[in-house]
Structures are given as structure tokens and as C-alpha cells.
Amino acid sequence: MKIEPVNIVGIMSGTSLDGLDIALCRFYTENNSVQFDLLCAETIAYEPVWKQRLQNAYDATAEQYFKLHSLYGEFIASQANQFLTKHHQKATYIASHGHTVFHRPELGFTTQIGCGATIAAHTGIDAICDFRSLDVALKGQGAPLVPIGDRDLFSQYESCLNIGGIANISFTKNNNTSAFDICIANMALNHLTEKLGKAYDDKGQMASSGTLNKSMLADLLKLNTHKKSIGKEWFDRHFLPVLEKYNIAIEDKLATCVEYTTLAIANTLSGNSISSVLITGGGAYNDFLISRIRHYYTGKIDIPGDSLIQFKEAVIFAYLGYLRSTEKINTLTGVTKASQNSCGGCIYKAS
């Protein structure tokens, strides 16, 4: 069925707290499949006050939490308005992932702050948010959500690997889509570089100057994620104690964390007989990390241009919003382990 082209803003805030990724996409049909054009995109780096607010959200009281939920919705709306004005564009929907604070599917809940009602009210554009809750209610992990976008929009690649705060992968074999979180990635690296006053390790230069600590690496490799969805809570409970156990130079910890991440990624690729991979996310810019993946993995590695590296997840959340707006399945039971496929997301009408 042919659809009229529709413009949707996808907005994503990742676990690495780099900033707010905003991408305006136009979706249309061609040869009976949905295609997209990335019209414009940018990252709004978080000011220190916002980074602090988001980091402290885990310890907020209930009242503080909901105040932040509303305030962050206002922030998202303001940035969306400025973005559309700057680029002289209009949109039919804003699809906002929000920022994950608590992700505890085993307890039956997941929360992403950034009030959709506030976004709709402050932009005058219908807002779609809360993409994960329905899947969790259906006994799923509420993640990963990106694989349906990988399957539909990036089918020319055998697999898609995103290296953000967490490294996750998706691939389709024999018409079955598999996807899961592999391991902690930039969440650990950025945590360490911040101790040296740096937001991140530029091109992996600090890690490359460090020395691998084999005992620490062995402890990290024991942290089996069991192909489940992992988040900040998992990092705090399981990963952080290992980082703090060793009294070694930050550069050595960085080198060891890179080795942990690259081993986990390479083992996943090889273990699933994947011969090529598209790598996006901030980790694609970490030359040292990529070189270590190449050391262990002999398949083909595709690293795209800046727009796709930086904004692929925002593009896919725009696509999830498109699917929700047309009442099509946007969450796959095969990857989240829910009781059924679903069409997740709440739509707040602006008028």
C-alpha cells in the first residue's frame, strides 16, 4: 500500500549521556517497502546541569523524579522547536525515546523520563513516547527495540552493531531476527575518563597508552549478561565493583575495559557465524577499540559516514514512531522474549 511521505522527528538520549540526538526523517514507500531520507540531524550536547540532573535521577524522591520528568519534557520540546526552526522544517510526529532511568523488566517496569504530554503541548506536534512499557507488560525485556529498524531499513548489512554506553547487536538469519545487549562499552570508558576531567577517550588514545591487567580482565569476563537487556543498574551492581577493586592507573583500566568489550563483541560475531558487521554509535570513533575488534574478528567491518554513526538510533526511533502511528508492529517477541509482538508507544495528541 502506498503511503504519503511523512516527516517524523526521532529523539534519543543514550546511556552514555553524550547529549540529545535529534533526527528528522521522511518515510515513504518504494517497491512495496518503507524507505527513508535523513533530512537533517544534530546532537545537542548536555550542559553540565542537565548531565548532573540525569545522573542524579536514580536517587531522586518520587516528587523530584516526576518534576524532572516534566522538566525534561520541556527541554526536549524546546530543543525540537529550535531544531525545526533552524532547519526550516515541519514534522507530523515527534518520536521521543526519553532518557532511561530505571530499567527493571524482571520487576515488571521500565521508565524513560521526558513527558510526552509536555512535548506535545509545548511543540504543537503529536508526540509518541514510552515505547518499552507494553513489551515489559507482556513479560518481555523491553529491549532491544532497534532490531526491527535494522531489519527493515538496513537489510543490506548482515548485522548491525551499536557501540554506545552498551554494545548491542542485531542480525537476521533464515527470516529470524536475533538481537541482544552484548556488554558494557562506553558507559565504563566514559566513567573512567571523567575521573581525569575528560568526557570521553578521544580515538582511544588514553586506553592505547595503558597496560592490560589480566586479573581485572578475567573478573570482567565472568560478568555474563546472558543475552538479556542490561542498563545502568546492572553496571552499578556488577561492573563498577570490579572497576573499583583494582588500584591501578586509569589508563590501565581503560585498556582493560576496551579488551573486555572487544573480546565480548568478537566472540559474539564469530560465535554466530557473522561474516560482516555495520558498526555505529560513539564507539565507531574509538580507533583503538576498533583496532582491537579487528585483531580478534576476521570478518568485514563497515563503518559508515558521520550521520549514520551518530544518528542511526534516532532514525530508528523515528521509524518506531512511524510504525506506531500507522498501528503496525514495532516490537518483536523474537528479540525481547515477550509473549507476543506488539505495537508499543503512547501517542499524545497536540490538538
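The preceding data block contains the structure.
Only a predicted model underlies this, so the values are computations on that prediction, with no experimental measurement involved.

On the basis of which strands lie adjacent, the open sheet formed by 5 strands has the order β10-β9-β8-β11-β12 and mixed pairing. Looking at the sheet topology across the chains shown, the edges are occupied by β10 (176-184) and β12 (300-302). On average, each strand axis in the sheet is tilted by 20° relative to the strand beside it, whichever way the strands run. Pairing between strand β11 (residues 276-280) and β12: 3 bridges, direction parallel. Residue pairing for β12: Val277 is matched across the bridge by Ile301. Lying on the sheet, helix α10 (residues 250-271) is in contact with β8 (159-163), β9 (166-173), β10 and β11; it crosses β10 at an angle near 160°.

Sheet architecture is open: 6 strands sit in the order β3-β2-β1-β4-β7-β13, paired in mixed fashion. Two strands close off the open sheet at either side, each with one partner strand: β3 (33-45) and β13 (346-348). Neighbour-to-neighbour, the strand axes of this sheet turn through a mean angle of 20°, independent of strand direction. As judged from the 3 bridges shared by strand β7 (residues 126-129) and β13, these two strands associate in the antiparallel manner. Directly across from Cys129, in β13, lies its bridge partner Cys346. Against the sheet, helix α2 (residues 62-86) contacts β1 (6-13), β2 (19-30), β3 and β4 (93-96), and its axis sits at roughly 60° relative to β2.

Before going further, it helps to spend a moment on the state of the cysteines. Covalently bonding the sulfur atom of one cysteine to the sulfur atom of another cysteine gives a disulfide. If you walk through the whole model with that rule in mind, you get 0 disulfides. No disulfide involves Cys115; its sulfur sits 7.0 Å from the nearest other cysteine sulfur, which is in Cys129. A residue is classified by how much of its surface remains accessible, and Cys115, at 15% relative accessible area, is buried. Lacking any disulfide linkage, Cys160 is separated from the closest cysteine sulfur, that of Cys25, by 15 Å.

Counting residues in hydrophobic clusters, the biggest one holds 50 residues, and the most contacted among them are Ile184, Phe239, Cys257, Ile279 and Ile293. Looking at this core, the element that brings in the most residues is α10, giving 10 residues. Discounting chain neighbours no more than four positions away, the residues touching Ile184 are Gly165, Ile166, Ile230, Trp234, Phe235, Phe239, Tyr260 and Thr261. If you look at the next biggest cluster of nonpolar residues, it comprises 33 residues, including Ala23, Val315, Phe317 and Ala318.

It is the contact of helix α1 (residues 48-56) with α2, at a shortest axis distance of 12 Å, that shows an interaxial angle of 145°. In this structure, α1 meets α2 at a crossing whose hand is left-handed. On α2, the residues touching Trp50, Arg53 and Leu54 of α1 are Leu68, Leu71, Tyr72 and Phe75. A per-class count over the contact of α1 with α2 returns 6 nonpolar, no polar and 1 charged.

Another point: the pairing of β2. Most of β2 is tucked away, with 10 of its 12 residues classed as buried. Across 8 bridges, the pairing between β1 and β2 is antiparallel. Residue Asn7 lies in a different strand from β2, and its bridge partner there is Arg26. Adjacent in sequence and paired antiparallel, β2 and β3 are bridged by 2 residues, among which Asn31 carries a positive phi angle near 55°.

The sheet contact formed by β2 and β3 spans 12 bridges and is antiparallel. Its bridge partner lying in β3, Asp21 is registered against Thr43.

The interhelical angle for the contact between helix α6 (residues 186-194) and α10, taken along N-to-C directions, is 175°, at an axis separation of 10 Å. The angle between α6 and α10 places the two elements in the roughly antiparallel class. Residues Ala188, Leu189, Leu192 and Thr193 of α6 touch α10, and the partners they reach there are Ile250, Lys253, Leu254, Cys257 and Val258. Looking at the contact of α6 with α10 residue by residue, the class counts come to 7 nonpolar, 1 polar and 1 charged.

Counted by the stated rule, this structure contains 1 cavity of 30 Å³ or more. Roughly 50 Å³ of internal volume is contained in the largest cavity. Around the largest cavity, the lining residues are Pro144, Val146, Pro147, Asp150, Cys160, Leu161, Asn162, Asn168, Ile169, Ser170 and Lys312. Contributions of two or more residues to the lining of the largest cavity are made by α5 (147-153), β8 and β9. Its residues assigned to classes, the lining of the largest cavity shows 6 nonpolar, 3 polar and 2 charged.

How each quantity is defined
- Each chain has its residues counted from 1, running along the sequence as written.
- Confidence filtering applies because this is a predicted model: local features only for residues at pLDDT of at least 70, side-chain atom pairs given and counted only at 80 or more, and all residues used for totals across whole chains, interfaces and linings.
- To obtain the side-chain values, all non-hydrogen atoms of the structure were included, while hydrogens and water were left out.
- One bridge is not enough; two strands pair if DSSP finds at least two bridges between them.
- Each helix corresponds to a stretch of at least 4 residues labelled H or I by DSSP, and each strand to a stretch of at least 2 residues labelled E; elements are numbered beginning at the N terminus.
- Only the stretch in contact is used when fitting a helix axis, every axis being a line fitted to C-alpha atoms; angles between N-to-C directions are given from 0 to 180 degrees.
- Here a residue-residue contact requires only that any non-hydrogen atoms of the pair lie within 4.5 Å.
- Two cysteine sulfur atoms form a disulfide, by the criterion used here, when they sit within 2.5 Å.
- Note on exposure labels: buried denotes an accessible area under 20% of the residue type's maximum, exposed denotes more than 50%, and partly exposed covers the range between, all computed with a 1.4 Å probe on protein chains only.
- To define a nonpolar core, start from buried Ala, Val, Leu, Ile, Met, Phe, Trp, Tyr and Cys residues and group those joined through side-chain atoms within 4.5 Å.
- For any helix crossing, the convention is left-handed if the near helix is rotated counterclockwise from the far helix by under a right angle, and right-handed if that rotation is clockwise.
- Gly is placed with the polar residues, together with every amino acid not listed as nonpolar (Ala, Val, Leu, Ile, Met, Phe, Trp, Tyr, Cys and Pro) or charged (Asp, Glu, Lys and Arg).
- Working definition: roughly parallel below 35 degrees, roughly antiparallel above 145 degrees, roughly perpendicular at 65 to 115 degrees, and oblique for all remaining angles.
- A cavity, in this analysis, means grid points on a 1 Å lattice covering only the protein atoms where a 1.4 Å probe fits yet has no way out; a pocket is instead an open set bounded by protein on both sides within 12 Å along at least five of seven lines, and a residue lines either one if it has an atom within 4 Å of a point.
- Grid points are joined across faces, edges and corners, and a volume is the space filled by probe spheres set on the points.

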